[in-house]
Structure formats: structure tokens, C-alpha cells
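Chain residues, written in single-letter form:
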Amino acid sequence: MAALRLACLLLLPPLVLLRGRAGAGPLCPRDTPSRDLKELGGLWRFRADTSERRDQGFAQRWYRRPLEQSGPVIDMPVPASFNDITQDPSLRRFIGWVWYEKEVLLPKHWLQDTFKTRVVLRVGSAHYYAIVWVNGVQVVEHEGGHLPFEADISTIVQASPGDPCRITIAVNNTLSPYTLPPGTIQYLKDESKYPKGYFVQNTKFDFFNYAGIHRPVVVYTTPVAYIDDITVTTAFSGNIGVVRYEVSVIGSSQYSLSLNLREKEGKVVATGQEAVGELKVVDPKLWWPYLMHENPGYLYYLEVKLSAQVDEGLTEDVYTVPVGIRTVHVTSSQFLINGKPFYFHGVNKHEDADIRGKGLDWSLIAKDFNLLKWLGANSFRTSHYPYAEEIMDLCDAYGIVVIDECPGVGMKDIENFGNQSLAHHLVVMEELIRRDKNRPSVVMWSVANEPASELPPAANYFKTVIAHTKAIDPTRPVTFVSNANYARDHGAPYVDVICVNSYFSWYHDSGHLEVIQLQLNTQFENWYETYHKPIIQSEYGADAVSGLHSDPPLMFSEEYQVAVLKQYHAVLDKKRKVYVIGELIWNFADFMTDQAVTRVLGNKKGIFTRQRQPKPAAFVLRDRYWKLANESSCLPRTVQYYNV
């Protein structure tokens, strides 16, 4: 129990929050005519709390003074996972609190105009639990490793203009049965085998639990009266597009708004002045998926200008949000985008790469999107957690369709379905939808991956989570990804689309390629006859060690991976004519996992290596996906291979 409480922060002293938000503001920070942005990426001072109870940092109040005065520190890049940066094996597998610190000088004009400028600190993602101090004062804490959070730090930094601003962030990667994803701490007490106090973190998901500050840390400003949120939904009928909007303002009750909807080229096509309303666009340019239209990912830009009366006079704020006009609809056998049948031919991914772990890396992001286009992939699932906003921005711009998944992975024990887990799961969905609700690329929410949905408590659990998700966002379908028996899956009645993972001839009937088609056909027929909902083959594949060959195909060879794919494709080609609406390969690229006798430096099911080099399976999928694109494209001509 003591170990569990380590995860639940029992060892912390009582702390008082100062103007912190449980999650980030809905609007992603951007430079605008009324807002400034300062990125804090680079090297931070870093120290892991290696004390037995991992509480030395709190007992000694490391946040009260420069971190280097508490003991030895090292340089740590942000954003990045800390695990693979050093040569220290104990840091790679470290569980508990680590401390980051950076001193920054803020622009003088942010600090002098105290009555007109609001200063906000925002963390894009810190895994898993984070507490933030500014100049020794706690400003926010946040649970969850994949979504942003922020705090208004105006009163702290404006109290001492000209002085460096010291930002301290403590991050704990411990997982408990009630976190998302869940885990357990196991103390190994046999002192003939293990050192005193030895413990390990156990999880039931198949990727490495990278930790640290994974996404950008920024400081940004707004006026004291500011645009807090913009919500957009879209529709079209005939030649009229409709953009419904709602603008939330904080800091003043006396204000006026001016809204301009612009085409990508800058032309204003609609205007508004109310906080809630709709804009009509004649002959709209719809947002289409990649390879479904000659101009995929078309975005309009909704510019909102606020003029507000505050005690010190008139203040103005400006914010622009991209808008894609598109519709999504699900029938018993089809997934429709803009009224046209859409077939998901894509991938599952991970935010994972050498050295930086899950840290945001623009070079890697650009490479991955070029590979997606080369492959002819029109979609991916954010397996198994929300991806960075920077990645989602490119999906909007390129027309890559996204199934947006929360971190509900590894939910295998009955403890994971109790009220404590449920309450947190609902909050996570609120934060995720608040962040991604305006994205045209996001066409469906996924609330979990491979949960133990055969357990009786899963029925009410998923009924509640899915109903809550739909209540927040009634415009998108909701799913979760199942590997349960179709007849005993207690969550399936509540989803809009059935997503099924299966690994025939791999995890069972290993090596028997000849059974794949029969078993896959039976799988599809059982699920559809039971639920009469469209089906996505949300995972399938096989490990292949790059350069390992065998003929006839044997497991772990490149030839076996190709053979598995071809067997699946033979059945998918039949069922996609009826009720199967998509196929997502597992996985886009090899990725790191915990060490195990079945994992040779990670999971090798990627069609690309971890270094993004293609295996033969990548060329098989490329041929298939471009043929599928030609069959379903709205283009007047045949689409051609994308080369980069």
C-alpha cells in the first residue's frame, strides 16, 4: 500500500494552488497582434530524487532556491524524455520524482504594464504527474502525461520586474491502478535477492514508459480581458457552408466582437459580431482527406477581434483559429466524410524515437509525414494517447484523418474500472476534447485501447465514459479499440464504430499462416452479426527484424511479415465491400518497450525501422494504399505515387 501511495502523492506536504488551471486553456498559444510568445526549450537543470522514499526534494523544498544548491544537477534537454539521454542505467529505469529548473528573463514590457498584460506559463506535456513553481511559489499541478496545462503567473513575475524568473517543475512518472495508463508498484522484499527497499513499476501495455517534459514549455501573454475559448462546428447543404461558432471572453462584461472568416488566400467570405452565431459561406471549399480530393486539408481562418472595457480603459485581443468545413456521419456499414464513403487505410503510430524518446522533434515529425504521404496513408490512430498539438496541426493542414485516442491503455484489472479511475477518465476526455474539438482532421474519439471489457464493471464504465464524451461533443462518433470476445464485450453496445485488434498466426496459432483467412472472416462476421455497426481492423501485423530472411516464411523474418499482411488483405478486400470501413497496420515504425524475452530492443512490428527505414512490408502497403486511393478518390484523374 505504501508503494501505491507513492504514486498517489501521499508523501507531498500540503500545497496551495495559485491561479492554476487543471488543464490548459482551450486555445493553443500563438503570436498575434495582441499576444506574445516565448519558448523555453533547450537545456534545463535536472536532478532525480534518488532518496529511498523519493521525497527528499519536498522535505528540503528544492523549489525554494536554485536547484544546483540542493545537490548535483545535470543538463537535460526540453522537450525530451530523460530516460535515454545519459549513460546511467538507473536513470533510464528511474521511477519517482525528477526535478527540472530554468531561469528566464521575460521582456520588460510584459512586466511593467501590470494592469493590461496577463502572463501565462504553459507546459505542453509532462509525464505523468507534474507540479510547477515560479520563484518558489506553486502555481499549478496536473495529472496526466499527454495533455497541456497552464497557470497565470502575472502577479509573481510582475512583482519583481527585471529579475530572472525561476521555473521549477517536478515530474513523477509513477503509475497506479487509478491513473491513465494504469500500473502498479511492486516491492520485492526478499533481501537475499534484492536490495532493501527495491521496487519495480509494473504495467500491462506494450511500450516503454518514457518520462519527462515531452512537449514545449512556453510563456505567453494576453490582455487582461481576453478571448478564452472559441468553439467551431461546421456543416454544409447544397452550395452553402455553415460555420457555427461560440466565443468565450474573460476579464470584462463590456465588450464587442468582430469576426472575419478568411479563405487561405486571405479573402474575407463571411463576417460576424455576436459571441454566438453562424457564418454562411457560398460555394465552400470543403476539407477533404488526403488522396480523396485534389486540394486536401483546405482550411479557412476565423479571425476573432475583441475590444473590451476594463478599469484602465480599452483593451484589444486578436486570435485566429483554423477552420475546416466538413461533416462526419456513420451508418450501419459506412463512414461518411462530406457525404462520401471514407475508407481508413492508414497506420497506428507511437511518439517514439532514438535518444529523445517521446520528446517533440520537428525533424522526426516532418520525416513521418513525408513517409505517410509516400505510403499513401490517409489516416492514423493516436495510439495510445493524445499526440502533440504540432502533429495535429499538420494533420489538419495535410488532410490526414485522425482517430484521437486517450491514454486508456493497459486497463486489465478490475481496479481499473472503479469510481476513482472513472472520475479521472472523464476529466481526461474533457481535457482532450477541449484541446482538439475544432480540428477537422479529428473524426472520431477513442476512449480506450484493449481494455478488459469482458469484466462486468466495464459495462457501466464505458457506458458512462462514452455518454460523457458524446455530451461534450455530439458532433463526432465515439469508439474504443477491443481485443475481447465479441459475445462478452460489455462496452461494444455503446460505441458507434467497432474497432478490433487481432493477430492471427502471431500471438496464437503462431506460425500458421494458413488459418488467417478463416479466422479473420469469422471475426468480422461475428462482430457484424452481433452489433450491425461498421468495423475497422484497428490493429494487425507481425514482428519483423530488419534484415532477417526466411523462405518459406518463418516468424520474425521480413518475409513472414509480408505474408501475414497479404493474408489479411485477401479478407479485407471482400469485407470492405460490405461493412469493413478501414484497416490500420500495427505499426508505422518499430518502437521501444520494456525489456522482455519476447522483445529484442523493442517491438518490431513496424513497417519502418525505428530509424524510419522501410522494410519490404512498407512497399506492400504502399502498393495497396495507392490502389485503394484510386478506387475511392473524388479526383477526376488517377492519383499518382507521392515521392519525396
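- Under the annotation held in an unreviewed UniProt entry, the protein chain carries the name Beta-glucuronidase and is attributed to Alligator mississippiensis.
- UniProt, in its Subcellular location (unreviewed entry) section for the protein chain, records the words "Lysosome".
- Turning to the protein chain, the UniProt record has this under Catalytic activity (unreviewed entry): "a beta-D-glucuronoside + H2O = D-glucuronate + an alcohol".

**Details of the pairing of strand β30 (residues 498–501)**
Then, in step 1: Alternating positions in β30 separate into two faces, I498 and V500 on one and C499 and N501 on the other, with burial throughout.
Then, in step 2: Bridge count between strand β29 (residues 478–482) and β30: two bridges; the pairing is parallel. Counted as the bridge partner of V481 is C499 from β30.
Then, in step 3: The sheet contact formed by β30 and strand β31 (residues 535–539) spans four bridges and is parallel. When the sheet's bridge partners are listed, C499 is paired in β31 with I536.
Then, in step 4: Once the chain exits β30 it traverses helix α10 (residues 516–531) before rejoining the sheet at β31, and the crossover so formed is right-handed.

**Comments concerning the pattern of salt bridges**
Then, in step 1: Inspection of every chain in the model, using the stated rule, returns 37 salt bridges.
Then, in step 2: Between R435 and D436 there is a salt bridge, with its nearest N and O atoms 2.9 Å apart. Taken as a pair, R435 and D436 share a single burial class, namely buried.
Then, in step 3: The residue D496 makes a salt bridge to K470 at a minimum N-O spacing of 2.6 Å. Of this pair, D496 sits in the loop between β29 and β30 while K470 sits in helix α9 (residues 457–472), and the two are 26 residues apart along the sequence.
Then, in step 4: Among the residues examined, D496 registers a relative accessible area of 23% and is labelled partly exposed.
Then, in step 5: Bridged by salt links that share partners, the residues D393, D396, R435, D436 and R439 form one connected network.

**Concerning the packing of aromatic side chains**
Then, in step 1: Scanning all chains against the criterion turns up 35 aromatic pairs.
Then, in step 2: Through pairs of rings, three or more aromatic residues link up here, namely F58, W62, Y63, W97, W99 and W133.
Then, in step 3: Directly above the aromatic system of Y226 lies the positively charged group of R118, at a separation of 3.9 Å from the ring centroid.

**Examining the sheet that holds strand β14 (residues 217–223)**
Then, in step 1: Taken in spatial order, the four strands of this open sheet run β1-β14-β5-β9, and their pairing is antiparallel. Both edges of this open sheet fall to β1 (37–39) and β9 (149–152), since each of them pairs with a single strand only. Pairwise comparison of adjacent strand axes, ignoring direction, gives a mean angle of 20° for this sheet.
Then, in step 2: Direction of pairing for β1 relative to β14: antiparallel, over a ladder of three bridges.

Definitions and limits used
- Counting from 1, residues in each chain are numbered in the order their sequence is written.
- Only residues with pLDDT of 70 or above have their local features reported here, since the model is predicted, and side-chain atom pairs are shown and tallied only from 80 upward, although totals for entire chains, interfaces and linings are computed over all residues.
- Side-chain measures here rest on the full set of heavy atoms in the structure, leaving out hydrogens and waters.
- UniProt positions are given in the numbering used here, feature names are shortened, and annotations may be inferred rather than shown by experiment.
- To sort residues, take the accessible area from a 1.4 Å probe on protein chains only and compare it with the maximum for the residue type: under 20% means buried, over 50% means exposed, and anything in between is partly exposed.
- By the criteria applied, helices consist of DSSP H or I runs no shorter than four residues and strands consist of E runs no shorter than two, each listed in order from the N terminus.
- Following DSSP output, two strands are said to pair if at least two bridges run between them.
- Handedness of a crossover: with both strands directed away from the viewer, a clockwise path from the first strand across the helix to the second marks it as right-handed.
- Salt bridges are identified by distance alone: a Lys or Arg side-chain nitrogen within 4 Å of an Asp or Glu carboxyl oxygen.
- Whether two aromatic rings pair depends on their centres lying within 6.5 Å, for rings of Phe, Tyr and Trp, where Trp uses its six-membered ring; planes under 30 degrees apart make the pair stacked, over 60 edge-to-face, and the rest tilted.
- In this analysis the charged atom, NZ for Lys or CZ for Arg, is taken to sit over a ring once it is within 6 Å of the ring centre and within 35 degrees of the ring normal.
- Orientation is described by axes fitted as lines to C-alpha atoms, over the contacting stretch for helices, and by angles from 0 to 180 degrees between their N-to-C directions.

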